[in-house]
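Chain by chain, the residues:
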Amino acid sequence: MTDPGSPTDPDTLRARALDALTTARERTALLTTCVDEPDLTAQHSPLMSPLVWDLAHIGNQEELWLLRAVAGRDAMRPEIDGLYDAFEHPRAERPSLPLLPPDEARRYASEVRGRALDVLESTAFRGSPLTEAGFAFGMIAQHEQQHDETMLITHQLRKGPAALTAPDPAPAPPFTGPAEVLVPGGPFTMGTSAEPWALDNERPAHERLVPSFYLDTTPVTNAAYQAFIEDGGYGDERWWTAEGWDHIRSHAIEAPLYWRREQGQWLRRRFGVTEPVPPNEPVLHVCWYEADAYARWAGRRLPTEAEWEKAARHDPVTGRSTRYPWGDADPTPEHANLGQRHLRPAPAGSYPAGASPLGVRQLIGDVWEWTSSDLEPYPGFTAFPYKEYSEVFFGPEHKVLRGGSFAVDPVACRGTFRNWDYPIRRQIFSGFRTARSGDS
């Protein structure tokens with residue numbers, strides 16, 4: 001029998017799952033009620049689904065896993081499963097499908113949620129890998145928050161006046177700390193076997209030997225990236241991989257997505273508002289090829305995924321790998337810019353309370369950070385609960401991003417969390433920091 005209030009106590013697990021599910025649904029409602037029906041059913045970019053597809057897909061996944069897999073109930077609407085199977089229909093095709101209209105999609109998702117909460121009340125949180133420690137409920141909360149981030153990306157792609165508002169991050173004085181920190185070489189524990197809601201690609205914990213390296217203290221800023229542009233970085237083949245050079249030339253890319261130069265000033269469009277590019281914010285909306293080219297131009301490189309995680313989790317004093325750079329405590333607003341509290345990154349050097357033991361800032365939140373690594377399984381990887389979550393993406397086609405962005409909810413962000421995308425992707429909330437080897 002567990003003690004009341006302990007992390008494995010059923011009432012504690014039930015409260016945590018309820019909070020995570022409720023937070024996700026409140027955000028989904030915000031993202032789908034701030035625009036009219038034509039904006040919900042339109043495809044704002046062939047890269048993204050109509051918002052109404054995401055809305056019903058969220059409900060369908062919740063039904064599949066919480067009502068059918070966990071509770072063993074019959075399908076509510078089996079005829080729509082194929083419509084909302086992300087692997088059956090590419091995003092570009094989804095507007096042509098007979099999707100549920102907005103009001104019906106909302107009713108369906110709401111009915112699923114009501115039944116799922118009944119399941120939550122009666123679940124014992126043991127006896128099955130799906131229910132152990134509330135995993136299935138945590139997986140569904142993370143899934144919904146991931147689609148909320150996807151919908152926020154769609155809002156950024158959407159043309160027209162602003163539909164979302166949020167306060168800006170607190171002003172921060174210019175960061176005057178060291179430009180880089182030395183991360184000592186040696187072994188550390190990468191991944192996790194203990195985080196109850198960690199997804200399959202984060203598992204299992206295993207030892208990695210990482211030689212010493214230097215890492216930027218903060219993400220690369222807009223001002224630093226502008227220096228690359230002004231030095232002709234986009235026109236100099238020396239800095240680009242062959243694939244990257246072909247990509248930027250064939251698509252006439254000359255700056256981060258949403259940037260334009262007007263009367264000698266760089267402007268950007270951000271959620272329906274055009275504004276000057278703020279020099280001290282982390283650069284945003286760059287693809288892997290752009291991040292890699294900047295690093296080469298700067299005489300540096302992108303960190304490997306193992307280097308990034310060691311900098312974010314390894315405490316050189318205790319030798320432990322913690323859940324987050326600041327320790328094991330869940331994130332608070334003092335630690336990181338997460339959860340769509342703001343609609344932009346905070347200035348570089350913000351959140352000193354969230355720094356790693358070595359003083360690296362903003363490893364969690366603000367911008368997803370490209371690494372040099374391909375997405376590969378860890379030693380001992382086992383697909384769970386379905387291979388389409390991670391396994392089908394393993395290989396050189398996808399590059400790993402780490403750390404989360406301002407658009408990521410804390411439930412879907414931790415020191416072991418792995419994101420990935422094609423190296424051409426720029427609509428995501430992606431930035432980067434650079435590294436160099438310790439002997440260079």
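Everything here concerns the structure above.
Trainee: What am I meant to see in the pattern of salt bridges here?
Mentor: Side chains that differ in charge, positive against negative, can pair when their charged atoms come close. Per the stated rule, a full pass over the model turns up 38 salt bridges. In this structure, the salt-bridge partner of Asp11 is Arg14, at a minimum N-O distance of 3.4 Å. Of the two residues, Asp11 and Arg14 both sit in helix 1 (residues 10–33), 3 residues apart, roughly one turn of that helix. On the basis of relative accessible area, Asp11 is assigned to the exposed category, the value being 56%. Here Asp374 and Lys399 are joined by a salt bridge, their closest N and O atoms 2.8 Å apart. You can see Asp374 sitting in strand 8 (residues 368–375) and its partner Lys399 sitting in strand 9 (residues 395–402), a full 25 residues away along the chain. For Asp374, a relative accessible area of 26% corresponds to the partly exposed category.

Trainee: Would you take a moment to explain the pairing of strand 7 (residues 273–276) for this structure?
Mentor: Put simply, side chains in a regular strand alternate between the two faces of the sheet. Direction of pairing for strand 6 (residues 265–270) relative to strand 7: antiparallel, over a ladder of 4 bridges. Directly across from Arg268, in strand 7, lies its bridge partner Glu275. With antiparallel pairing between neighbouring strands as the criterion, strand 6 and strand 7 make up a hairpin whose turn holds 2 residues, including Phe271 at a positive phi of roughly 50°.

Trainee: Can you help me understand the packing of helix 6 (residues 222–230) against helix 8 (residues 288–297) in this one?
Mentor: The angle between the axes and the distance between the axes are what describe a pair of packed helices. Interhelical geometry of helix 6 versus helix 8 gives an angle of 80° and a closest axis separation of 11 Å. In this view, helix 6 runs roughly perpendicular relative to helix 8, as classed from their interaxial angle. On helix 8, the residues touching Ala224, Tyr225, Ala227 and Phe228 of helix 6 are Glu290, Ala293, Tyr294 and Trp297. Of the residues contributing to the contact of helix 6 with helix 8, the split by class is 7 nonpolar, no polar and 1 charged.

Trainee: What should I look at first to understand the side chain of Glu305 in this one?
Mentor: Positionally, Glu305 belongs in helix 9 (residues 305–313). Using a relative accessible area of 5% as the deciding quantity, one classes Glu305 as buried. Discounting residues that sit within four places of it in the chain, Glu305 has contacts with Met190, Thr371, Ser373, Tyr378, Val400, Arg402 and Arg418.

Trainee: Which parts of the structure should I look at to understand helix 4 (residues 102–122)?
Mentor: One turn of an α-helix holds 3.6 residues; hence residues three or four places apart share an orientation. Between the first and last C-alpha of helix 4 there are 31 Å, a value that for 21 residues agrees with the 30 Å anticipated at 1.5 Å per step. Packing partners of the buried residues in helix 4 comprise helix 1, helix 2 (37–41), helix 3 (51–70) and helix 5 (135–157).

Trainee: Is there a simple way to think about the sheet that holds strand 8 in this case?
Mentor: Note: strands within a sheet are paired through backbone hydrogen bonds, in either parallel or antiparallel orientation. Strand order in the open sheet formed by 4 strands is 10-9-8-11, and the pairing between neighbours is mixed. Looking at the sheet topology across the chains shown, the edges are occupied by strand 10 (419–421) and strand 11 (430–431). Bridge count between strand 8 and strand 11: 2 bridges; the pairing is parallel. Considered in strand 11, the bridge of Trp368 is made with Ser430.

Trainee: Where do I start with the sheet that holds strand 12 (residues 435–437) in this structure?
Mentor: Taken in spatial order, the 3 strands of this open sheet run 1-4-12, and their pairing is antiparallel. At either end of the open sheet lies a strand with only one pairing partner, and these are strand 1 (180–183) and strand 12. With strand direction ignored, the average angle separating the axes of adjacent strands in the sheet is 20°.

So, how was this worked out
Residues numbered from 1 in each chain as written. Predicted model: local features only at pLDDT ≥ 70, side-chain atom pairs only at ≥ 80, totals over all residues. Heavy atoms only, no water. Salt bridge = Lys/Arg side-chain N within 4 Å of Asp/Glu carboxyl O. Helix = DSSP H or I, 4+ residues; strand = E, 2+ residues; numbered from the N terminus. Buried < 20%, exposed > 50% of the residue type's maximum accessible area, 1.4 Å probe, protein only. Pairing = 2+ DSSP bridges. Axes fitted to C-alpha atoms, helices over the stretch in contact; angles between N-to-C directions. Parallel < 35°, antiparallel > 145°, perpendicular 65-115°, else oblique. Contact = heavy atoms within 4.5 Å. Nonpolar A, V, L, I, M, F, W, Y, C, P; charged D, E, K, R; others polar. Expected span 1.5 Å × (residues − 1).

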